[in-house]
Structures are given as C-alpha cells and as structure tokens.
Amino acid sequence: MKPVHIVILVFISIGLAIGISFYGDTSKYVCFAEADEIAKDKPDMKLHVVTTLSKTKPQIYDPQNDPNYFEFYASDTTGMEKRVIYRNAKPTDLDKTDKVVLIGYSRGDHFEAKDILKKCPSKYEKK
Amino acid sequence: METIVFNNEHLGIGNFGHFAVVLAFVSALISAISYAISVNRNVESLKDLGKWMFMIHAAAVVMIFISLFYIIHAHYFEYQYAFQHSSTELPVYYMISCFWEGQEGSFLLWMFWHAVLGLILIRKSGSWHAPVLTVVALAQVVLGSMLLGFQIGDFKIGSSPFILMREHNPESLLIPVLENLGKANYLQVYKDGNGLNPLLQNYWMVIHPPTLFLGFAATIVPFAFAFAGMWTGRYKEWTVPALPWSLVAVLVLGTGIIMGGYWAYESLNFGGYWAWDPVENASLMPWLLMITAAHMLVINKSTGKYPVLTIVLTAFSFFMVLYATFLTRSGVLGNASVHSFTDLGLSGQLLLLLFLFIFLTYALSFKNKLHAWMFFLVCFIPIMVFSLFDLNIKIIYISIIGTIILLGSTVWYIRNLFKRYDTNIETDKLYSREFWMFVGSMVLLLSGFQIIIMTSIPVFNKLFGSSKASAGPDYYNSIQIWFAMAITLLTAIGQYFKYKQSDTKKVLESISNSLLVAIILSVGAVFLFDIWEKKYLFFLVTSLYAITANLHYLFGSLKGKIKIAGGSIAHVGFGLMMVGVLVSSVNKKVISINNSGTSYFSETTAQGKVDEVAKTNNKENLLLVKNKPVQFIDNRLRATFRKVNEVKPNKYFEVKYEVLDEKGQVTDSFVLHPNSQNNPKMGLISNPDTRHFLTRDIFTHITYESSMEEKQEKEFENFKTDTVNIGQSFATGDANRQLTVQKINVIESPETSNKLHLQAEVLINTMGDTFIARPEFISEDKIRFKESVVNKAGVLVVFDRIIPDPKDPKNMLFVITSATRRPILDYIILKAIEFPYINLLWLGTFILIFGFTLSIIQRFKEFGRREAKQSSDV
C-alpha cells in the first residue's frame, strides 16, 4: 500500500466517525415530558425544547434583588406548561417573541435553562 | 371590480425598474445562448453578440440598482421594499444597507458582482472568454429570474423588488381609517416605512455584506474555468487562470467573514466574534472548500497530480455557495438560527439553481454528447418536479429518491473524471511537497465536512423527519480544534518539501530546527498567556510552529524575496490568527462577577432550595446603581455608572472604569459608553462598547436597565415609632438605615397665629448615602401631618407629635414614625468581558490578507505570461 492509499483510508474513516458521532453526540428536540424521562437517567444531558412563552403567567425578574435570576412559564409543542428558570439577565427581546428554544436541563418542578434561543423579530417578517 | 386611481403614487420609477429587471433577464439569456453556440460551433460573430448582450445586461443590473436606490432615497413608501426596509429617519449612508436586509436586494447585489466580474473576464480571460462567460451569463439568467416576480397560475417566478405595497399586501387598504379617507388616499396613512433593523445600522454593515457577496460571487470564476476546461477539452490548462481567481475568492470571502466577525464583536452582545451560527457557517463552508481547492490547484498546476480532486473541489466550492444560499434563504434553518429569514416562496427556485449547475457539470464529464444529455435529463427532471410541484406523496419517498439521484450521479461523475484523466497516483513519494499538501487539503476538507454535516441538521430533519437539535459552539470547538492543530502543523512542515522528491536529510533538519524554536517560544508563551490545559498547549505549539517554520522558510529558502513569498506570509498570518483565537477564547473571562463588593442586596435562590445546577449558577451580570462604585476582579477594577445621555433613539450609559493596583490606587481610568435602544419592535437592543488595550480588550454591554422595570410602588412596611432628641440617631424598622433629627424649623407658631406648624429635618443615612426628609406637623383645630417620602432611600417619615421630656420638662422630645420599602434607583445591569491578546487575531488577519494579495499578483502574472506565450505560438 502506498502512503496516499493509507491517507485516503484514514480520512475516510475519520469522515465516517464524524458522520456516526453526529448521530450519537448531539441532542434532540424533545418536549417537557420526554425531557423529564431523559433527566431521570442522564441529568447532565443538555436538551432542546421548542416552546411558546406563556404570556399570561407572571414572570419574575427583580434585578435589584438578583440580576441573574429570571423565571417564567413556557409551554411545549404538546401544550404542557412548565416553570423555567434562567439564571442570567432577562433576555430583553423575549417579550417581543413568542417561540423560543430552551436549551438546558429538566429538573422535575422546573426546567433549568442554560440558553434561550429566540427568533429575533426582524423586518424580514411579514406583518 | 371598481378601479381606483390612487393618489400620490410614483409608478414611473417602478415601471422603469421592472423593465430593467426584464431586460437584465432577457439579455443574460441571449448572452448565455450566443456564447454557448459560439463555443460549440466556433462562430466568432456569436461571441461578439454574447459580449454585447452581457454588457447590456450589466447596464440593466446597474439600472435596477439605481431605481431601487432612488425609491428608497425618495421615500416612496408605496413600494413594498422601501416600506419594509427603510424609513424617513434613515441616514443616506445606511440606505445602501437596505439592499441587504431584503432578499431581493441580496440577489441583486450578488448579480451586480457577477456582472462586474463578467466584465473583467471579458477583457482579461483571453482565450477562455466564450466558455467562461457562458457560465457567468447562465448564472445571471437564473439569478435574474429570482427578481422577475411573475405569477403564472400557482407558480411564482421570483419576487420583484418593485412590487407595490398595496399589491403585496392587499389588506393594507382595508384598514378602518381608509373608509373615511378613501382608499385612493392610502399613502396619507402610510407615511413612513418600517425602518431598517437597528443592528444593521452600523458602519460595518455597510461594508461587510458587499464584501461577503463579492466573495460568494467570485467562486463562480474558478468554477467557470473548470467547466470551460471540461467543455473545450483543455483538461490541464484550466488550472492556470483558475488558481489566481480561486485565491481572489478565498481572499475576498475570507475578508468578508472576518469583517462579519469584527462587526459581531463590536456591535453584538453575545460577547465574541464567532458563534458557529448556521448563517456564519454558511459562509465558512464555501470558504473552506475554496481554500482546499486553491491548494489542490497549486499542486496540480506544479505537478499535474490529483486532477480529479482538483476539479471536483473547485466545482463543489461553487455548489457550496449555492447550497449556503439555499440554507439561509429558504427558511429551512428555522429553529436552529437566531437569524430569521422569511421564505419568499423561492425555495424551489433556489433548489433548481443548485441542481441545474450540479447536473450540468456532471453531464459535461461524459464523452458522448447523447449520454450527457440523457444523464442530465434523467437527473434533473425528477428533481425539478420535486422542487416545483406539490406532489401529494410522502416527503420521505421524495427524499430517498432525491438522495439516490444525487449520490448516484456524484459517484458516476467522479468515475467519469477518473476515466478521463486516467490518473496514476502510484507515483507519490512520502518526501514530496504534493503529498503533504494533499494531506493538508484532506484535513481542511474534513473540517469543512464536519461543519457542513452539523449545519445541515435542519435539512436532514426536514428530509427524513428526524428531530436532531443543532450543535452549540462548544461542540464545534471541541472537534475543530483538532483539525486546526493538524492544519497548523502541516502548514509548518509542508513548505520544506520540494515537489516530486526532496533531500530527506535537509528537510528533516529544517523541520526539527524550527520546531525547536517554536517549542522554546511556547515555554515563554505559556507563562505570558497563562494556558495550561494539554490540548491547548499542543495547539499553541503547532500554531507557533506554523509561524516560526514559515518565517524560517521565508528568510532561509526564499531569501526574503517578498514577491514570491505570498504563501509563506499568509501561513505566518494564519498561525498568528490561531494563536489569537486560542488565547482570546481560552482565557476569555467574564469579569463582572456578582459575588463580591456589592453586598447591596443579598442573593436569594428560589424557595431557598439548593439545586446542584443552581450552585453553578450564572453570576455574570452585575448591578450598578448610579454613582455607586463597584469593584471586581479581586478589587483590581472599579466601575461606576455615572449618567445617561439620551441621543434618540439611543441611550448612552456612561460607565467609568478605574484600574487599581494592589494598594487600591488608581493607575488608569477610562470611560465606556455602551448604549441601548428600546426598539418598539425588537425590545432592548444593546450595543457594547469596548476599550482596546494592546494586550487585552475590555468589553462591556448593558443587559438591563432601570427604566425597563415596571414601575410599581411597593407598600411601606416595618413601621416603627421612636421618641428622640435633636441630634439623636435611630434605626429604621428593618435596621438598614439610620435616621437623625437634625433640627426643627418653626414655620408658624401660636405666638403669631392660632396654629403650630413645625417641620423636622431628618437625615437619612443608607449605605453611605445621605438624604433629607422633611415631615411636617400641623396643630390647628385638629392635628394634621405631612409625611415625607424619600423614594431613593425607600423611607417614609412621619412627624407624630412633640412631648415634654419626662426627665427634663424644659426639653422637648419628638415622636417620629418611620417605615421602609425598597428604594427606587437608577441602575444598569452590566456584563463585562475581558478578551486577552485579541489583537493577535486581528494582526494575523492583516498579515494573511497581505500574503494572499502577493500570491494573487504572482499567479495572475503567470497566467498573463501563459496567454502571451500561447498567442505567440499561434
């Protein structure tokens, strides 16, 4: 075997490894109920939940007391509603959006969000 | 249906613009056809027709541009584009940015650059003129169709930038106000547009998108040469002109990407220059393929090796641009990106654009023309049907058939190429430059492959009904660092080898010498940069090695001849960039940590429970009350929020920073003005402000501010009554504030009138701040009180009565009732991040760009010489 063949083989196998690991490593979009199930076995697995903000439920953000504590309610695609805690400043454009993707951990009584992905309501949107 | 004559509309300019769109489309079509026939039949007159048509096309594109700009500039809000993307307030220099906010404008920009490149190619491509321009003109036909805006039955071909607002959105005429005013006068209601996204109102946003689009547009040129080479049978020569153009594409696209990163760093608040967002990745994917192709072109031009890989990569870089356009413009990214793009209903058309070029390229690899056409039709027709028609069959079947066609045709294409080139890769030597460059290219390709796969997750989800979530930045970083390590390493050793065969001993000697220098430098760098984790250490060594080895090569082997050293210089710049990326991200530090110094209000966790995740909770946002200095990073930095300057629509928060030494002495101070805009559509848009030092940046942005809080008066509590002397201090009910009755003013006394009116001056001391409350006591027929509320201290003081001191009847005592609530304060919530040595990244970028420019000049000269030789041979 020539060096080039070895190189090609090595790279094809790394490529395959990337392709396979892509199915193993990354998390899935789940709903709150599934998130609870997963959290029982793997409490440290980061989960993605597509949610809608519950605008009627109260939000708690009291920056003078703690600028790194924000609490709100969101419901997933099945309609299940859950309390969400986000230990960071309240995302200021949150009230202007309704669909948010929560990334974090399920904690039984609440969802501990590490990241909140919002659609920025840019002017691309039709009115 | 009634016909309404609408008042105050300016339809002339729109009609003109639309005429220009049609003209651009038709002239590109005629140009492409004439050029194509002139290549196949070798008719010189048709080539001239193609050339003239292309020039008319270029003029028409400029006309579209001018018309649209005129509409935006004159504030003709009857046009959807102006209404949606601009407003009367918008300064002229940002009006150009309106072009890239909308999709139609983006396509227009892309076409504009293609037209410019086409004009350059007409003059400069010499013997390649006709076939190369065929490709460019064909691309213009397809892009031009995106702007047509024709509606044929259910089919929409393109989306016109000149559509009227009332046509685009007929409901706009149904609003109640117009019942009185009359629909004809609707423009009296729509006096102003939606305005430009505030994030785009930034000088980087004027220059970054055009650069990026020029980079995208430039990838068509190397592709066109590859295509032309296959078409006209110049299988080997095409690499000579393609090489400098591939470098141009890499340079411009790379510069555009870096500008985007710099814009993000300067004006977005995620705290960084790169977030692996799909939209960012969409520009990186073609760049990685193009840089790989450029390296393969270098090898192929010098040694004639790897012809198949070279041609495939050159073509795929261009396909990747089309694919990236599909990703970002079709709405498929959905949940995955913070950027949102609406679907103009052009996804089908975008897919057609992509597959048209793919299958044309594939078909060209057949020797037999009939086979080629059959292959093209068999592949393209099903894909066309799938893209344009709603077929009422399960998407999964379409996906499977589509995947089979795409994979199968790609395999067939590569097989054809191998047959055609009859390559013999057996001759490779381990100690040859081409071998190591090949290895390097493979690493680049893998790096790109990983990004493409991860970024395409939303596409796979759509195709196969899965629900994989997109990966975050950490995931990308953890994988890409290994590729970066390998690439820097190969960058370092690659140049020492010579093409074909090198003197093994000499090469190994040079390799180990510069490695030794890199390791010695790393030992110093480790202490300077404070990097200790193993994988980062390796990366530091390989990056420094890329710098030392290339410098060594530059001064040793090339004897400092700058003109031919473009490659080495670019590699030095790349190494420096990698050092900058490594140091500024590994030691990037949020410095506004909220756990010391403030003690202003205690931190509480919900329901007093201790959660494991909450333990590692985020403390990165800091409360800064106006005029209250807060110290952080071990008391080495002090920040004071001093005031707000309002320049509509922005609020600038003046934050003074003082750098302190161990003894607490101020050694340096500076003022930052992070700003925010409370946009009615987008909420708080906050722009950071960054202080640039030579060795670090301090980045500051506002995450919240007091005026956003819902103002609600809280009830007073902790009522407490004290009986005191003048000058005696006492605590409030919550024990947080000290009150002192300083003196009593007699406003009216029974001696002059029939009432007693007293005012107490009560000094309030709260956390070092002092305020004065002036409660009053009035005794007339009945007793009345005037309470005093000091909002900033959160204190209520009531002057109840006066009583004689039982111990000393001559002395009077004062009865004061106090109560407290939370003070109402002006404050900001601030996040500050320190980026160490980020200037290495920017410096590396400049060196990289400089090196590329040198290479481009060098390679164009080579092409010039080749063309001159060819014409003298004829």
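## Here we look at the overall build of chain A
Okay, so step 1: When helices and strands are counted, chain A shows two helices and seven strands.
Okay, so step 2: Order of helices (α) and strands (β) in chain A, N terminus to C terminus: α-β-α-β-β-β-β-β-β.
Okay, so step 3: Counting all 127 residues of chain A, 51% fall into the buried class.
Okay, so step 4: At a minimum sequence separation of 6, the contacts of chain A that also span at least 24 residues come to 48%.
Okay, so step 5: Total accessible area computed for chain A in this model is approximately 5900 Å², and 57% of it derives from carbon and sulfur atoms.

## Some thoughts on the pattern of salt bridges
In a structure, side chains of opposite charge can pair up when their charged atoms sit close to one another.
Residue and element names in this part refer to chain B.
Okay, so step 1: Taken as a whole, this structure holds 26 salt bridges over all chains when the rule is applied.
Okay, so step 2: In this structure, Arg 638 engages Glu 658 in a salt bridge whose closest nitrogen and oxygen atoms are separated by 3.0 Å. Taken as a pair, Arg 638 in strand β6 (residues 637-647) and Glu 658 in strand β7 (residues 650-660) lie far apart in primary sequence, 20 residues in all.
Okay, so step 3: Overall, the relative accessible area of 13% leaves Glu 658 in the buried class.
Okay, so step 4: Here Glu 658 makes a salt bridge to Lys 656, at a shortest N to O gap of 3.9 Å.

## Considerations on the pairing of strand β19 (residues 783-786) of chain B
Residues and elements named next belong to chain B.
Okay, so step 1: For strand β18 (residues 776-779) and β19, the ladder comprises four bridges, and the chain directions are antiparallel. Counted as the bridge partner of Ser 779 is Ile 783 from β19.
Okay, so step 2: Where β18 hands over to β19, the hairpin turn is made up of three residues, counted between the paired strands.

## Overview of the domain arrangement of chain B
Okay, so step 1: Domain boundaries assigned for chain B yield domain 1 (1-196), domain 2 (617-710 + 828-836) and domain 3 (717-823).
Okay, so step 2: Using C-alpha coordinates to define each centre, domain 1 of chain B is positioned 75 Å away from domain 3 of chain B.

## Some thoughts on the confidence of the model for chain B
Okay, so step 1: Residues of chain B with pLDDT of at least 70 account for 94%, and the chain-wide mean is 86.
Okay, so step 2: Contacts for the low-pLDDT stretch residues 596-615 of chain B, under 50 throughout, to residues beyond four places or in other chains number 32 contacts.

## Considering the side chain of B:Ser106
Residues and elements named next belong to chain B.
Okay, so step 1: Relative to the elements of secondary structure, Ser 106 occurs in helix α6 (residues 103-124).
Okay, so step 2: On the basis of relative accessible area, Ser 106 is assigned to the buried category, the value being 2%.
Okay, so step 3: Ignoring sequence-local partners within four residues, the contact set of Ser 106 consists of Phe 99, Trp 100, Phe 213 and Arg 329.

## Focus on unusual backbone geometry
Note on backbone geometry: most residues besides glycine have negative phi, and most peptide bonds are trans.
Residues and elements named next belong to chain B.
Okay, so step 1: Located in the positive-phi region is Asn 42, a residue other than glycine, with phi close to 60°.
Okay, so step 2: Looking at the secondary structure, you find Asn 42 in the loop between α1 (11-41) and α2 (44-73).
Okay, so step 3: Unusually for a residue other than glycine, Asp 530 sits at a positive phi of about 65°.
Okay, so step 4: Summarising the element assignment, Asp 530 is placed in the loop between α21 (504-529) and α22 (534-556).

## So, the environment of B:Phe850
All names here are of chain B.
Okay, so step 1: Looking at where Phe 850 falls in the secondary structure, it is placed in helix α25 (residues 838-873).
Okay, so step 2: Here Phe 850 falls in the partly exposed class, since its relative accessible area comes to 44%.
Okay, so step 3: Along the backbone, Phe 850 and Gly 573 are 277 residues apart, and their C-alpha atoms lie at a distance of 8.7 Å.

## Things to note about the side chain of B:Thr703
Okay, so step 1: In this structure, B:Thr703 sits in strand β12 (residues 696-705).
Okay, so step 2: Looking at B:Thr703, its side chain comes within polar contact range of the side chain of B:Asn621, at 3.1 Å.
Okay, so step 3: When residues no more than four places from it in sequence are discounted, the contact partners of B:Thr703 are A:Ala89, A:Lys90, A:Thr92, B:Asn621, B:Leu684, B:Ile829, B:Leu830 and B:Lys831.

## Points about the packing of α21(B) against α22(B)
Residues and elements named next belong to chain B.
Okay, so step 1: Packing of α21 against α22 leaves a shortest axis separation of 8 Å and a crossing angle of 130°. Judged on the interaxial angle alone, α22 and α21 are oblique. Here the hand of the crossing between α21 and α22 comes out right-handed. Residues Ser 510, Ile 511, Ser 514, Leu 515, Val 517, Ala 518, Ile 519, Leu 521, Ser 522, Ala 525, Val 526 and Phe 529 of α21 form the contact with α22, whose participating residues are Leu 537, Leu 540, Val 541, Leu 544, Tyr 545, Thr 548, Ala 549 and His 552.

## Digging into the environment of B:Pro836
Okay, so step 1: Assignment of secondary structure puts B:Pro836 in strand β23 (residues 827-836).
Okay, so step 2: Spatially, the C-alpha atoms of B:Pro836 and B:Leu148 are 50 Å apart, while their sequence positions differ by 688 residues.

So, how was this worked out
- Residues numbered from 1 in each chain as written.
- Chains lettered and ligands numbered in written order.
- Predicted model: local features only at pLDDT ≥ 70, side-chain atom pairs only at ≥ 80, totals over all residues.
- Heavy atoms only, no water.
- Helix = DSSP H or I, 4+ residues; strand = E, 2+ residues; numbered from the N terminus.
- Buried < 20%, exposed > 50% of the residue type's maximum accessible area, 1.4 Å probe, protein only.
- Contact = heavy atoms within 4.5 Å.
- Areas by Shrake-Rupley, 256 points an atom, 1.4 Å probe, with all protein chains shown as cover.
- Salt bridge = Lys/Arg side-chain N within 4 Å of Asp/Glu carboxyl O.
- Pairing = 2+ DSSP bridges.
- Domains from an automatic or database assignment.
- pLDDT = per-residue confidence, 0-100.
- Polar contact = N/O pair within 3.5 Å; in protein donor to acceptor, adjacent residues only side chain to side chain.
- Axes fitted to C-alpha atoms, helices over the stretch in contact; angles between N-to-C directions.
- Parallel < 35°, antiparallel > 145°, perpendicular 65-115°, else oblique.
- Left-handed = near helix turned anticlockwise from the far one by under 90°.

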